[in-house]
Amino acid sequence: MTPTGKHRPAPRAVTAAVPVAVAALLAAGGPAVAGPVATPAAPARPAPAASATTGAPGAGDPYFPLAGNGGYDVSHYDLTLRYDPGSRRLDGTAVLTARATQPLTRFDLDLKGLKVTGVTVDHARATHRRDGQELLVTPRTALRPGHRFQVTVTYSGTPAPVTDPDGSPDGWIPTDDGAFVAGEPQGAMTWFPANNHPLDKATYDFTLTVPQGHTAVANGVYLGSRTAHGRTTYRWRQSEPMAAYLATATVGRFRVERYTTRDGVQVYNAVDPREAAAAAPVLKQLPSVLDWESRLFGPYPFRAAGAIVDHAPDVGYALETQTRPLYDSAPDLGTLVHESAHQWFGDSVSLTRWQDIWLNEGFATYAEWLYTEQHGGPSAQQEFDALYARPASDGLWAFPPGDPGSGRNIFATPVYARGAMTLHQLRRAVGDRAFLRILRTWAASHRAGHGTTAQFTALAERLSGKDLDGLFRTWLDTRGKPATSRP
Ligand code: ARG
Ligand code: ZN
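Described below are features of the structure shown in this document. (Residues numbered from 1 in each chain as written. Chains lettered and ligands numbered in written order. Predicted model: local features only at pLDDT ≥ 70, side-chain atom pairs only at ≥ 80, totals over all residues. Heavy atoms only, no water.)

## Points about the overall build of the protein
Part 1 of the reasoning: Summing up its helical and strand segments, the protein has 10 helices and 22 strands in all.
Part 2 of the reasoning: Here the protein holds 487 residues, and the buried ones make up 59% of them.
Part 3 of the reasoning: Considering only contacts in the protein between residues 6 or more positions apart, those separated by 24 or more positions represent 70%.
Part 4 of the reasoning: Accessible area for the protein stands at about 18000 Å²; split by element, carbon and sulfur atoms hold 52% of it. (Helix = DSSP H or I, 4+ residues; strand = E, 2+ residues; numbered from the N terminus. Buried < 20%, exposed > 50% of the residue type's maximum accessible area, 1.4 Å probe, protein only. Contact = heavy atoms within 4.5 Å. Areas by Shrake-Rupley, 256 points an atom, 1.4 Å probe, with all protein chains shown as cover.)

Have a look at this one:
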């Protein structure tokens, strides 16, 4: 399996703009990979003064300056949505439970498009205003730091995806029989008001109503459905914390399969009939893939699993939507292994900033290599060698995986392939036992939380007892093709 299988984004041509952006970031004293967790202030974000009582419009991520917001932390989203695939109209009510982390006379949510018809804070009508992707909410009385509050937003309209900096569609993507709903990195805000940055994870309840004959599939455990007056309402609960970009509410005319694995994980698969024949042999492997990954990476981090196999030829990628990866067509086995590995690396252990995306994609790609190696295919060393043989002019070496430079490069080849090569070098340097202990400890100690590149490299050094500065500097941080393939 190559690092750029058909279900993941095709390797994108990296333009000359990239090195410039990287250089600019570094010149600006930008983040070194082994540096502190804090990201440099985004230009678009006014530095919140100590006396500020309005929440910042962004979480401070330079790749997506307006993603997320400051001043509060969401613990739960309760989303009640009704979708009509014919008219493409969405009606929604989102109830967010949050806690203020500073005094707040006003705060932002991220919401792009759609019409907001009402906002309340703690059941009192609040005033609101739209400004681009920001929904500015002014509660009737200011919120004190530490105060737990509930925001209710009612909204409706025709949701449309956003176009990511790399040109791919992201968010609520209409299909011929429903919608393919994927949100990495920005698309959550196209269908619900959110604190749209992985820094703020929360639990979710979904109540999704669609015309009878359609199925609405979200994350977590399936709680049941009810049909009345020609409509069916599906209820879902994601009880482990989830980043907003991993939420889905995909709608289609699906065939559904449910079962419980030997480990007690509740599996729910939804498959577009047009993809069913091709998907069946691959989906049959899901329990054994999860089992194999559990033996390698530690216990599967969620109580639910499954897959959504849609027929969405224009999308061009799959996404590791939490507990239930979303495929735009029948996946091959490598893609299933990849999206499943993300459940540990990316979903359970989340990014703190988009620059660290190799912690997701490099790891999921390396899981593919390990799977292939242990199932009679080429070894990880052979995968590494084939990539290392590419000339210095190849896009693989366009930028170092620890520093993609901007949001437009987060799904480009160096993140996936050179990210996986970095892990392979680590494995060669510390040996198989220590390498697997590092991966497992990483998944266990940051489970349901966050991790940074600096924390990963520190863990690798601590568990191996080796100085790995040079290795990580060469493979993660240094531009150009490394001069040697020796670890
Ligand atoms: N994380 C996905 C993967 O498994 C890729 C998502 C691509 N998203 C996008 N908007 N292009 O590799
Ligand atoms: Zn991936």
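## Looking at the site of ligand 1
Part 1 of the reasoning: Lining the immediate surroundings of ligand 1 are 15 residues, of which Ser168, Glu184, Glu320, Glu361 and Tyr416 lie closest.
Part 2 of the reasoning: In the environment of ligand 1, a nitrogen atom lies 2.6 Å from a nitrogen or oxygen atom belonging to the side chain of Glu184.
Part 3 of the reasoning: Measuring from an oxygen atom of ligand 1, one finds a side-chain N or O atom of His342 at 3.4 Å.
Part 4 of the reasoning: For ligand 1, whose accessible area on its own is 350 Å², the fraction buried by protein is 100%. (Near = heavy atom within 4 Å. Polar contact = N/O pair within 3.5 Å; in protein donor to acceptor, adjacent residues only side chain to side chain.)

## So, the nonpolar core
Part 1 of the reasoning: Among the nonpolar cores identified, the biggest contains 140 residues, and Phe107, Trp191, Phe192, Tyr204, Phe206, Leu426 and Phe456 are the most heavily contacted of them.
Part 2 of the reasoning: Residue contributions to this core peak at nine residues, all from helix α5 (residues 358-374).
Part 3 of the reasoning: Leave out the neighbours within four places in its chain, and Phe456 touches Trp358, Leu359, Phe363, Leu423, Leu426, Ile438, Trp442 and Phe472. (Core = buried A, V, L, I, M, F, W, Y, C linked by side-chain atoms within 4.5 Å.)

## Quick notes on the layout of surface pockets
Part 1 of the reasoning: Volume-wise, the largest pocket comes out at about 170 Å³.
Part 2 of the reasoning: Thr261, Arg262, Asp263, Val265, Pro287, Ser288, Leu290, Asp291, Ser294 and Tyr300 are the residues that line the largest pocket.
Part 3 of the reasoning: Residues of the lining of the largest pocket, tallied by class, amount to four nonpolar, three polar and three charged. (1 Å grid on protein atoms, 1.4 Å probe; cavity = no way out; pocket = protein on both sides within 12 Å on 5 of 7 lines; lining within 4 Å. Points joined across faces, edges and corners; volume = space filled by probe spheres on them. Nonpolar A, V, L, I, M, F, W, Y, C, P; charged D, E, K, R; others polar.)

## Looking at the environment of Val349
Part 1 of the reasoning: Examined against the element boundaries, Val349 turns out to sit in strand β21 (residues 349-351).
Part 2 of the reasoning: Overall, the relative accessible area of 5% leaves Val349 in the buried class.
Part 3 of the reasoning: In sequence terms Val349 and Ala443 are 94 residues apart; their C-alpha atoms lie 6.5 Å from each other.
Part 4 of the reasoning: Those residues within four positions of Val349 in sequence are excluded, and the remaining contacts are Trp344, Asn360, Trp442, Ala443, His446, Arg447, Gly449, His450 and Gly451.

## Side note on helix α7 (residues 413-430)
Part 1 of the reasoning: Compared with the 26 Å implied by 1.5 Å per residue over 18 residues, the 25 Å span of α7 between its first and last C-alpha is a close match.
Part 2 of the reasoning: Of all 18 residues that make up α7, 16 are buried, and the element is covered over most of its length.
Part 3 of the reasoning: Looking one or two residues past α7, Gly431 carries a phi angle of roughly 90°, positive in sign. (Expected span 1.5 Å × (residues − 1).)

## Quick look at the pattern of salt bridges
Part 1 of the reasoning: For the structure shown, the criterion picks out 11 salt bridges.
Part 2 of the reasoning: Between Asp272 and Arg274 there is a salt bridge; the shortest N-O distance is 2.9 Å.
Part 3 of the reasoning: For Arg427, the salt bridge is made with Asp432, and the minimal N-O distance between the two is 3.0 Å.
Part 4 of the reasoning: Sharing partners across several salt bridges, the network here consists of Asp176, Asp177, Asp272 and Arg274. (Salt bridge = Lys/Arg side-chain N within 4 Å of Asp/Glu carboxyl O.)

## What about the pairing of strand β4 (residues 115-121)?
Part 1 of the reasoning: Judged from the six bridges that link them, β4 and strand β8 (residues 148-157) form a sheet pairing that is antiparallel. From the neighbouring strand, Thr120 faces β8, where its bridge partner is Thr152.
Part 2 of the reasoning: In this structure, the hairpin formed by β4 and strand β5 (residues 124-125) is closed by a connection of two residues, where Asp122 is found at a positive phi of approximately 50°. (Pairing = 2+ DSSP bridges.)

## Some words on the side chain of Thr190
Part 1 of the reasoning: As for its placement among the helices and strands, Thr190 is situated in the loop between β11 (178-182) and β12 (202-211).
Part 2 of the reasoning: Ignoring any residue separated from it by four or fewer positions in sequence, one finds Thr190 in contact with Lys112, Leu114, Pro159, Ala160, Pro161, Val162, Asp170, Gly171 and Trp172.

## Considerations on the packing of aromatic side chains
Part 1 of the reasoning: Throughout the structure, instances matching the rule amount to 34 aromatic pairs.
Part 2 of the reasoning: For the ring pair Tyr204 and Phe206, a centre distance of 5.6 Å and an interplane angle of 10° mean the geometry is stacked.
Part 3 of the reasoning: On the basis of relative accessible area, Phe206 is assigned to the buried category, the value being 1%.
Part 4 of the reasoning: Summarising the aromatic geometry, the rings of Tyr222 and Tyr268 are spaced 5.1 Å apart at their centres and angled 50° between planes, so their arrangement reads as tilted. (Phe/Tyr/Trp six-rings, centres within 6.5 Å; stacked < 30°, edge-to-face > 60°.)

## Comments concerning the environment of Pro414
Part 1 of the reasoning: Along the polypeptide, Pro414 turns up in helix α7.
Part 2 of the reasoning: By relative accessible area, Pro414 is classed as buried at 0%.
Part 3 of the reasoning: Those residues in contact with Pro414, other than ones at most four positions away along the chain, are Gly395, Leu396, Ala398, Phe399, Pro401 and Gly419.

## Observations regarding the environment of Phe399
Part 1 of the reasoning: Looking at the element boundaries, Phe399 is found in the loop between α6 (380-388) and α7.
Part 2 of the reasoning: Look at Phe399 and you get buried, because its relative accessible area is 0%.
Part 3 of the reasoning: On a C-alpha basis, the gap between Phe399 and Lys481 in space is 9.1 Å, while along the polypeptide they are 82 residues apart.

## Some remarks on the coordination of the zinc ion (ligand 2)
Part 1 of the reasoning: For the zinc ion (ligand 2), every protein donor is listed as His338 (NE2), His342 (NE2) and Glu361 (OE), and the spread of their distances is 1.9 to 2.0 Å.
Part 2 of the reasoning: Counting gaps between the donor residues of the zinc ion (ligand 2) yields the pattern H-x3-H-x18-E. Separated by 19 residues along the polypeptide, His342 in the loop between α4 (333-341) and β21 and Glu361 in helix α5 bring together distant segments of the chain. Assigned by exposure class, His342 and Glu361 land together as buried. (Donors = N, O, S within 2.8 Å, 3.2 Å for Na, K, Ca; no water.)

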